[in-house]
Amino acid sequence: MAAINPQKEASVLPEPGKRNILITSALPYVNNVPHLGNIIGSVLSADVFARYSRGRGFNTVYIGGTDEYGTTTEARALVEKCTPQELCDKYHAIHAQVYEWFNISFDIFGRTTTQLQTDITQDIFLKLQENGFLEERMTTQLYCDQHHSFLADRFVEGECPDCGYVDARGDQCDLCGKLLEPLELVRPRCKIDGSTPVTKDTKHIFLELDKLQPQVEAFFRESASKGAWSSNGISITAAWLKEGLQPRSITRDVKWGTPVPSSLEGYEDKVIYSWFDACIGYVSITANYTDQWEKWWRSPDDVQLYQFMGKDNVVYHTIIFPASKIGTRDAWTKLHHLSTTDYLTYEGGKFSKSRGVGVFGDSAKETEVPSDIWRFYLLYCRPETGDSEFTLDGFISANNNLLLKNLGNFVSRVLKFVNSRHYNSVVPNWAEYHEPSFDTFKQDINQLLAQYVQELDSVKLRAGLLTVLQISQRGNGFLQSSKLDNSLYENEPSKCAAVIGLALNLVHLLASLTAPYMPTTAASISTQLRVESLPISGQWTADTIRPGHEIGQSQHLFSRIKPEKAQEWREKYGSEEAKKLKEEEAALKAKKTSKKKKGGAKKAETSSGTQTAPVKDGAAEVSPAETANSAELASTDGALTGAATENPLDSAQSALGALELK
Ligand SMILES: [Zn+2]
Ligand SMILES: [Zn+2]
């Protein structure tokens, strides 16, 4: 997959008066291999919706890519001893391969390090300036005289002011979990050469979000209700707005980023902070897909924007990006539906690449279990309304029971019967027999179908999947109550034909309902039936497979996984290590809690996974689980506002573990 779509002439474009659906999944950072939690969190969820939307016949475009700028990239490049560009190239390719294996149907999988990203970001930046929403301010930061550079948080280490740990980083203390600003560190030192940094004044551009608050609030009220945002998305956004938006620095003293427009003097060595331009990546990647990108992004009346992300990315999509768009005073397609997920845990603990815990995107295929099965189980336990757990036993059981015994059994029983000597693969004339139970059956299926459409329309993906299983279960029940077998064929041939006719048509319907979740399985069913896939509609007519049609040979859709595999995988993918991590976390948490009790002044700790309002002392409110998740964060921002400043945005972000836009 390349950044540039090779077939521009084939680009999907919106048409006025039709349903036009623009879909994005959060752009992952290019410093890691995505794990199963990352995959279900945005790309896979968005993929199901994109496939559903195409199945409905809507004009649909699905935009994905990697977010490549920022100090996290620079810091990681330092570790891997390569240039930021080389690092981005490497991880962009890794991400692309993983998503390809998971069958993610991006219309383009792009990157943010492109000229169009610079052009579009600078255009927005200059319009915000022209409209009076940008302001220059002087700030104080750590500077290294040794290598002549300001130190972003990840480039400075020192003692934790809270627990005294000597190797705390500029953004976080790994021992006690406190989120830090570089200026808070005791005895700071440059990570590159170990020298002691000095403080130095440096000017930066601030986006005056406070001036945009009324319009952002109006947008939020309208969009959240019309687009039926996830409750997580609503509560996180409402909490930020309640706290009050503050001016926020959008430039940085680093090299790896979108250049500041050259019309600004004194910004030659500064870049635009990825915090500001990461969401603009969706727009520039679309522009790399089609030169008519404005038809997607500047059509507020014709296009509905659906955005998928983990809950830690909410504010960028509901406040920062909308505020930037509003401030340009241009027409923009704004967020319609926000879909957020909570965290997926792995065998009760957290995924950790460094500790070898969890199944990562590149190791899923080593198991030789097809990607459809992974997709199925991830969607089956999608953390849609709270954290959820991935377990290897659950994975195997889902395959062996839900897929093999329910869906697989129904499809193969029907097809094998048509393949048999009774019909020799030719669909019998099935219109001659009728009984009232057939009407009930059709009604039941139509009712379930209406439920499926309603669930998918409102992006309740897990519920929709359960409905698919209910439909095939109803199909199994129908075969059972009709007593489909050889004696039915011999004694009541016209009834047998009628049962087969209805069942075959239900298989056809199931192929299209399954397609968003398990595209390979759905394609296999269509191939076995020798039919085109049905468009998804709210009505099942049960007459798309007609008498005389010849079907292909029945093939197994699923294979049984031996339960013993669970133990083998547990050893390979670190379940023991997961338990250990969990214990360490609990110990840290206990230590922190006792410390707080001594201190007395701080608020009670929020429980992990529970969404809370932003709080003043944000860092202290974050559970170790969350801070560890955000260990890769590029929280360079705080340095500019000064350690002593209580910026509600900072603390709210900390409280949400939110600096990670990936
Ligand atoms: Zn230095
Ligand atoms: Zn500490």
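Predicted model, so just to flag it, every value in this text is computed and none were measured.

**Some words on the coordination of the zinc ion (ligand 2)**
(1) Moving on: Every protein donor of the zinc ion (ligand 2) is listed here as Cys160 (SG), Cys163 (SG), Cys173 (SG) and Cys176 (SG), and their distances to the metal cover 2.3 to 2.4 Å.
(2) Moving on: For the zinc ion (ligand 2), the four donor atoms in the first shell make angles of 104 to 113° at the metal, a pattern classed as tetrahedral.
(3) Moving on: Sequence spacing among the residues donating to the zinc ion (ligand 2) works out to C-x2-C-x9-C-x2-C.
(4) Moving on: Relative accessible area serves as the criterion here: at 3%, Cys160 is assigned to the buried category.

**Things to note about helix α1 (residues 36-55)**
(1) Moving on: Maximum bend of α1: about 40°, positioned at Val43.
(2) Moving on: Within α1, 17 of the 20 residues are buried, leaving the element largely enclosed by the surrounding structure.
(3) Moving on: The positive-phi residue at the C-terminal boundary of α1 is Gly57, with phi of around 90°.

**Brief notes about the confidence of the model for the protein**
(1) Moving on: Per-residue pLDDT for the protein has a mean of 86; in total, 87% of the residues score no lower than 70.
(2) Moving on: Every residue in residues 1-8 is under pLDDT 50, and counting partners more than four places away or in other chains gives 18 contacts.
(3) Moving on: Below a pLDDT of 50 lies the segment residues 596-662, which in the model reaches 174 contacts outside its immediate sequence neighbourhood of four places, other chains included.

**Thoughts on the packing of aromatic side chains**
(1) Moving on: Following the criterion strictly, the structure yields 32 aromatic pairs and no others.
(2) Moving on: For the ring pair Tyr346 and Phe390, a centre distance of 6.1 Å and an interplane angle of 15° mean the geometry is stacked. With Tyr346 in strand β16 (residues 344-346) and Phe390 in strand β17 (residues 388-390), this residue pair connects regions lying 44 residues apart in the sequence. Here the two residues Tyr346 and Phe390 agree in accessibility, since each one is buried.
(3) Moving on: Aromatic ring contacts, followed pair by pair, group Tyr346, Phe351, Phe360, Trp374, Phe376, Tyr377, Tyr380, Phe390, Phe395 and Trp569 into a single cluster.
(4) Moving on: Positioned over the ring face of Tyr143 is Lys200, at 3.9 Å from the centre of the ring.

**Description of the coordination of the zinc ion (ligand 1)**
(1) Moving on: For the zinc ion (ligand 1), the protein coordination sphere consists of Cys144 (SG), His147 (ND1), Cys190 (SG), Asp193 (OD) and Asp193 (OD), at 2.1 to 2.6 Å.
(2) Moving on: Sequence positions of the donors to the zinc ion (ligand 1) reduce to the motif C-x2-H-x42-C-x2-D. Of this pair, His147 sits in the loop between β4 (134-144) and β5 (149-150) while Cys190 sits in strand β8 (residues 186-190), placing them 43 residues apart in sequence.
(3) Moving on: The class for His147 is partly exposed, based on a relative accessible area of 27%.

**Points about the packing of helix α4 (residues 115-130) against helix α10 (residues 314-328)**
(1) Moving on: Two numbers describe how α4 lies on α10: the axes approach to 8 Å, and their chain directions differ by 60°. Handedness of the α4/α10 crossing: left-handed. Listed contacts from α10 to Ile124, Lys127 and Leu128 of α4 are Ser324, Gly327 and Thr328.
(2) Moving on: Its residues placed into classes, the contact of α4 with α10 shows two nonpolar, three polar and one charged.

**Describing helix α12 (residues 371-380)**
(1) Moving on: Most of α12 is tucked away, with nine of its ten residues classed as buried.
(2) Moving on: Every buried residue of α12 is listed here: Ser371, Asp372, Ile373, Trp374, Arg375, Phe376, Tyr377, Leu378 and Leu379.

**Overview of the nonpolar core**
(1) Moving on: Ranked by size, the top nonpolar core spans 105 residues in total, and within it Phe390, Phe395, Tyr452 and Tyr517 carry the most contacts.
(2) Moving on: It is helix α17 (residues 493-514) that contributes the most residues to this core, 14 residues altogether.
(3) Moving on: Excluding residues that lie within four positions of it along the chain, Phe390 makes contacts with Leu36, Leu344, Thr345, Tyr346, Glu347, Trp374, Tyr377, Leu378 and Phe395.
(4) Moving on: If you look at the next biggest cluster of nonpolar residues, it comprises 57 residues, including Ile236, Ala287, Trp296 and Val315.

**Overview of the sheet that holds strand β6 (residues 156-159)**
(1) Moving on: With antiparallel pairing, the three strands of this open sheet are ordered in space as β7-β6-β8. Of all strands in the sheet, those with a lone pairing partner are β7 (168-169) and β8, marking the two edges.

**A word on the side chain of Ser554**
(1) Moving on: By the element assignment, Ser554 lies in the loop between α18 (519-529) and α19 (565-572).
(2) Moving on: Leaving out residues up to four positions away in the same chain, Ser554 has contacts with Ser412, Leu415, Lys416, Asn419 and Gln528.

**Structural notes on the environment of Lys579**
(1) Moving on: Assignment of secondary structure puts Lys579 in helix α20 (residues 575-599).
(2) Moving on: Each C-alpha atom, one on Lys579 and one on Lys350, is 9.0 Å from the other, the two residues being 229 residues apart in sequence.

**Considering the side chain of Ser512**
(1) Moving on: In this fold, Ser512 is placed in helix α17.
(2) Moving on: Once residues lying within four places of it in the same chain are set aside, the contact partners of Ser512 are Tyr452, Ser533, Leu534 and Ile536.

**What about the sheet that holds β4?**
(1) Moving on: Taken in spatial order, the four strands make up an open sheet running β5-β4-β9-β10, and their pairing is antiparallel. The sheet terminates laterally at β5 and β10 (248-249), the two strands that pair on one side only.
(2) Moving on: Pairing of β4 with β5, which is carried by two bridges, proceeds in the antiparallel orientation. Counterpart to Cys144 in the pairing with β5 is Ser149.

Cut-off values and rules
Residues numbered from 1 in each chain as written. Chains lettered and ligands numbered in written order. Predicted model: local features only at pLDDT ≥ 70, side-chain atom pairs only at ≥ 80, totals over all residues. Heavy atoms only, no water. Donors = N, O, S within 2.8 Å, 3.2 Å for Na, K, Ca; no water. Tetrahedral: all angles 85-135°; square planar, octahedral: opposite > 155°, others 65-115°. Buried < 20%, exposed > 50% of the residue type's maximum accessible area, 1.4 Å probe, protein only. Bend = angle between axes of the 7 residues up to and from the residue. Helix = DSSP H or I, 4+ residues; strand = E, 2+ residues; numbered from the N terminus. pLDDT = per-residue confidence, 0-100. Contact = heavy atoms within 4.5 Å. Phe/Tyr/Trp six-rings, centres within 6.5 Å; stacked < 30°, edge-to-face > 60°. Lys NZ or Arg CZ within 6 Å of the ring centre and 35° of its normal. Axes fitted to C-alpha atoms, helices over the stretch in contact; angles between N-to-C directions. Left-handed = near helix turned anticlockwise from the far one by under 90°. Nonpolar A, V, L, I, M, F, W, Y, C, P; charged D, E, K, R; others polar. Core = buried A, V, L, I, M, F, W, Y, C linked by side-chain atoms within 4.5 Å. Pairing = 2+ DSSP bridges.

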